[in-house]
Amino acid sequence: MSKYEPLWKAIGQRTEDGFTLTFAEIEAVLGFSIDHGFLNFKKELPAYGYEVGKISMKAQTVAFKHCV
(Lines give C-alpha, C1' and ligand atoms only; values in the text may rest on other atoms or scores of the structure.)
Protein backbone atom coordinates (compact mmCIF):
# COMPACT_ATOMS: atom_id res chain seq x y z
CA MET A 1 0.00 0.00 0.00
CA SER A 2 1.31 3.41 -0.97
CA LYS A 3 1.66 6.04 1.72
CA TYR A 4 -0.43 8.29 -0.57
CA GLU A 5 -3.33 5.84 -0.90
CA PRO A 6 -5.57 7.72 1.59
CA LEU A 7 -5.22 10.83 -0.59
CA TRP A 8 -5.85 8.92 -3.81
CA LYS A 9 -8.99 7.33 -2.33
CA ALA A 10 -10.29 10.71 -1.15
CA ILE A 11 -9.67 12.21 -4.59
CA GLY A 12 -11.27 9.21 -6.31
CA GLN A 13 -14.53 9.86 -4.44
CA ARG A 14 -14.86 13.34 -5.92
CA THR A 15 -17.00 14.05 -8.98
CA GLU A 16 -15.62 17.34 -10.33
CA ASP A 17 -13.80 17.50 -13.67
CA GLY A 18 -10.99 19.37 -11.95
CA PHE A 19 -10.16 20.95 -8.61
CA THR A 20 -7.26 22.31 -6.59
CA LEU A 21 -6.13 21.37 -3.10
CA THR A 22 -3.70 23.28 -0.94
CA PHE A 23 -0.69 21.57 0.58
CA ALA A 24 -2.40 22.05 3.97
CA GLU A 25 -5.55 20.24 2.77
CA ILE A 26 -3.44 17.38 1.44
CA GLU A 27 -1.50 17.22 4.69
CA ALA A 28 -4.78 17.03 6.63
CA VAL A 29 -5.81 13.93 4.65
CA LEU A 30 -2.41 12.25 4.80
CA GLY A 31 -1.21 13.24 8.25
CA PHE A 32 2.19 14.30 6.87
CA SER A 33 3.61 16.97 4.56
CA ILE A 34 4.17 16.21 0.91
CA ASP A 35 7.71 16.51 -0.41
CA HIS A 36 9.50 15.92 -3.70
CA GLY A 37 8.76 12.21 -3.31
CA PHE A 38 5.16 13.10 -4.20
CA LEU A 39 6.30 13.39 -7.81
CA ASN A 40 7.27 9.70 -7.84
CA PHE A 41 3.90 8.59 -6.47
CA LYS A 42 1.59 10.76 -8.59
CA LYS A 43 1.63 8.08 -11.31
CA GLU A 44 -0.59 5.96 -9.01
CA LEU A 45 -3.48 8.43 -9.16
CA PRO A 46 -4.94 7.58 -12.62
CA ALA A 47 -6.11 4.25 -11.18
CA TYR A 48 -8.53 6.39 -9.10
CA GLY A 49 -9.82 8.39 -12.10
CA TYR A 50 -7.73 11.56 -11.74
CA GLU A 51 -4.30 12.84 -12.63
CA VAL A 52 -2.06 15.48 -11.12
CA GLY A 53 -2.02 18.73 -13.06
CA LYS A 54 -0.06 21.81 -12.09
CA ILE A 55 1.87 21.85 -8.83
CA SER A 56 2.49 25.41 -7.63
CA MET A 57 5.23 25.74 -5.05
CA LYS A 58 4.57 29.48 -4.76
CA ALA A 59 0.83 29.14 -4.07
CA GLN A 60 1.35 25.76 -2.35
CA THR A 61 -1.41 24.09 -4.36
CA VAL A 62 -1.84 20.97 -6.47
CA ALA A 63 -4.37 20.89 -9.30
CA PHE A 64 -6.10 17.62 -10.13
CA LYS A 65 -8.10 16.79 -13.25
CA HIS A 66 -10.41 13.94 -14.13
CA CYS A 67 -8.91 11.53 -16.64
CA VAL A 68 -10.92 9.33 -18.95
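Let us look at the structure shown here.

Structural notes on the packing of aromatic side chains
Then, in step 1: Taken as a whole and assessed by the stated rule, the structure comprises 7 aromatic pairs.
Then, in step 2: Between Trp8 and Phe38, the ring centres sit 5.9 Å apart and the planes meet at 45°, which makes this aromatic pair tilted. With Trp8 in helix H1 (residues 5-12) and Phe38 in helix H3 (residues 38-41), this residue pair connects regions lying 30 residues apart in the sequence.
Then, in step 3: By relative accessible area, Trp8 is classed as buried at 1%.
Then, in step 4: Here Phe38 falls in the buried class, since its relative accessible area comes to 2%.
Then, in step 5: Taking 5.4 Å as the distance between ring centres and 70° as the angle between the ring planes, the aromatic pair formed by Phe19 and Tyr50 counts as edge-to-face. Taken together, the positions of Phe19 in strand E1 (residues 18-22) and Tyr50 in strand E2 (residues 50-56) put the pair 31 residues apart, joining distant regions of the chain.
Then, in step 6: Joined through ring pairs, the aromatic side chains of Tyr4, Trp8, Phe32, Phe38 and Phe41 make up one cluster.
Then, in step 7: Positioned above the aromatic ring of Phe19, the side-chain terminus of Arg14 is 3.9 Å from the ring centre.

Some points on the nonpolar core
Then, in step 1: Of all hydrophobic cores here, the largest spans 16 residues; its most connected members are Leu7, Ile11, Ile26, Ile34, Phe38, Val62 and Phe64.
Then, in step 2: Breaking this core down by element, the ones donating at least two residues are H1, E1, helix H2 (23-30), E2 and strand E3 (61-66).
Then, in step 3: Those residues within four positions of Ile26 in sequence are excluded, and the remaining contacts are Leu7, Leu21, Ile34, Val62 and Phe64.

Some words on the packing of H1 against H2
A pair of packed helices is captured by two measures, namely the crossing angle of their axes and the spacing between those axes.
Then, in step 1: At their nearest, the axes of H1 and H2 sit 8 Å apart, and the two run at 110° to each other. As judged from the angle between their axes, H1 and H2 are roughly perpendicular. The element H1 and its partner H2 pack so that their crossing is right-handed. Here Pro6, Leu7 and Ala10 of H1 lie close against H2, whose contacting residues are Ile26, Val29 and Leu30.
Then, in step 2: Considering only residue class, the contact of H1 with H2 consists of 6 nonpolar, no polar and no charged.

Considering the environment of Gln60
Then, in step 1: By the element assignment, Gln60 lies in the loop between E2 and E3.
Then, in step 2: Excluding its chain neighbours within four sequence positions, the residues that come into contact with Gln60 are Leu21, Thr22 and Phe23.

Definitions and cut-offs
- Starting from 1, residues in each chain are numbered consecutively following that chain's sequence as written.
- Residue-level local features of this predicted model are given only where pLDDT is at least 70; pairs of side-chain atoms are given and counted only at 80 or more, and the full residue set underlies all totals for whole chains, interfaces and linings.
- Working from all heavy atoms in the structure, the side-chain values ignore hydrogens and water.
- What counts as a ring pair is set by centres within 6.5 Å for rings of Phe, Tyr and Trp (its six-membered ring), and what kind of pair is set by the plane angle: stacked under 30 degrees, edge-to-face over 60, tilted for all other angles.
- The helix and strand labels rest on DSSP assignments: H or I over at least four residues marks a helix, E over at least two residues marks a strand, and numbering proceeds from the N terminus.
- Using a 1.4 Å probe on the protein chains alone, a residue whose accessible area is under 20% of its type maximum counts as buried, one over 50% counts as exposed, and one in between counts as partly exposed.
- Distance and angle both matter: a charge sits over a ring if NZ of Lys or CZ of Arg is within 6 Å of the ring centre and within 35 degrees of the ring normal.
- Definition used in this section: a nonpolar core is a set of buried Ala, Val, Leu, Ile, Met, Phe, Trp, Tyr and Cys residues joined via side-chain atoms within 4.5 Å.
- Any two residues whose heavy atoms approach within 4.5 Å at even a single point are treated as in contact.
- The axes are straight lines fitted to the C-alpha atoms, using for helices just the contacting stretch, and the angles between their N-to-C directions are given from 0 to 180°.
- Each angle receives one of four descriptions, namely roughly parallel if under 35 degrees, roughly antiparallel if over 145, roughly perpendicular if within 65 to 115, and oblique otherwise.
- For a crossing to be left-handed, the near helix must be turned anticlockwise from the far one by less than a right angle; the clockwise case is right-handed.
- In the scheme used here, Gly and all other residues not listed as nonpolar or charged are polar, with Ala, Val, Leu, Ile, Met, Phe, Trp, Tyr, Cys and Pro taken as nonpolar and Asp, Glu, Lys and Arg as charged.

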